[in-house]
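If you want the building blocks of each chain, they are given just below.
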Amino acid sequence: MSVVVKVEEKLFQNRYKVDSGRPHISIIDEDKCRNHCEAQACTVCCPAACWTAEANGQVTVISDGCLECGTCRIICDEHSNVAWEYPRGGYGILFKFG
Ligand code: SF4
Ligand code: SF4
């Protein structure tokens, strides 16, 4: 008999080490998000919910908990507005605990 495990439960098994003050993902031009990107797709594609659309149209990203999947960078291809790099060694996502 197979056991069904929800995505949320799988994500809970991961651990994340924050590199304080050194986010590895950032927005290059916030005005581009606010005024020139209607879809703001980054705010709905991220499996870790790092991206948020504010009521005033501003978009924010908090890279704590990022799974390093790269989706936000690819989905922003039209605007090339995501500065993305891997966290420094020893920081970031640690997959599959438990
Ligand atoms: S997809 Fe790119 S340009 Fe659009 S809101 Fe997200 S980061 Fe900004
Ligand atoms: S790389 Fe993936 S998990 Fe990390 S912020 Fe982008 S979409 Fe989210």
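An account of the accompanying structure is given in this report.

Rules used in this analysis
- Residues numbered from 1 in each chain as written.
- Chains lettered and ligands numbered in written order.
- Predicted model: local features only at pLDDT ≥ 70, side-chain atom pairs only at ≥ 80, totals over all residues.
- Heavy atoms only, no water.
- Helix = DSSP H or I, 4+ residues; strand = E, 2+ residues; numbered from the N terminus.
- Areas by Shrake-Rupley, 256 points an atom, 1.4 Å probe, with all protein chains shown as cover.
- Lys, Arg positive; Asp, Glu negative; His and termini not counted.
- Charge placed at Lys NZ, Arg CZ, Asp CG, Glu CD.
- Phe/Tyr/Trp six-rings, centres within 6.5 Å; stacked < 30°, edge-to-face > 60°.
- Buried < 20%, exposed > 50% of the residue type's maximum accessible area, 1.4 Å probe, protein only.
- Lys NZ or Arg CZ within 6 Å of the ring centre and 35° of its normal.
- Near = heavy atom within 4 Å.
- 1 Å grid on protein atoms, 1.4 Å probe; cavity = no way out; pocket = protein on both sides within 12 Å on 5 of 7 lines; lining within 4 Å.
- Sits in = over half its atoms within 2 Å of the grid points.
- Nonpolar A, V, L, I, M, F, W, Y, C, P; charged D, E, K, R; others polar.
- Points joined across faces, edges and corners; volume = space filled by probe spheres on them.

Let's talk about the overall build of the protein
Then step 1. Helices and strands together make up the secondary structure of the protein, namely four helices and six strands.
Then step 2. For the C-alpha atoms alone, the extent of the protein along its principal axes is close to 50 × 35 × 25 Å.
Then step 3. Per element, the accessible surface of the protein, about 6900 Å² overall, is 53% carbon and sulfur.
Then step 4. Averaging the locations of the 10 positively and 13 negatively charged side chains of the protein gives two centres separated by 10 Å.

Side note on the packing of aromatic side chains
Then step 1. Counted under the stated rule, the structure contains one aromatic pair.
Then step 2. A ring pair is formed by Trp84 and Tyr86, whose centres lie 4.9 Å apart and whose planes are at 80 degrees; its orientation type is edge-to-face.
Then step 3. For Trp84, a relative accessible area of 12% puts it in the buried group.
Then step 4. The positively charged end of Lys17 is found above the aromatic ring belonging to Tyr91, 5.1 Å away from the centroid.

Regarding the site of ligand 2
Then step 1. Every one of the 13 residues lining ligand 2 counts as a neighbour, but Cys46, Cys66, Cys69, Gly70 and Cys72 are closest to it.
Then step 2. In this structure the site holding ligand 2 corresponds to the largest cavity.
Then step 3. Class assignment for the residues of the shell around ligand 2 results in 10 nonpolar, two polar and one charged.

Observations concerning unusual backbone geometry
Then step 1. One non-glycine residue, Glu68, lies in the positive phi region at around 60 degrees.
Then step 2. If you trace the backbone, Glu68 turns up in the loop between strand S4 (59-61) and helix H4 (71-75).

Digging into empty space enclosed by the protein
Then step 1. Tallied over the entire structure, the rule returns one cavity of 30 Å³ or more.
Then step 2. Estimated volume of the largest cavity: approximately 100 Å³.
Then step 3. The wall of the largest cavity is formed by 16 residues, among which Cys46, Trp51, Cys66, Cys69 and Cys72 lie closest to the centre.
Then step 4. Class assignment for the residues of the lining of the largest cavity results in 13 nonpolar, two polar and one charged.

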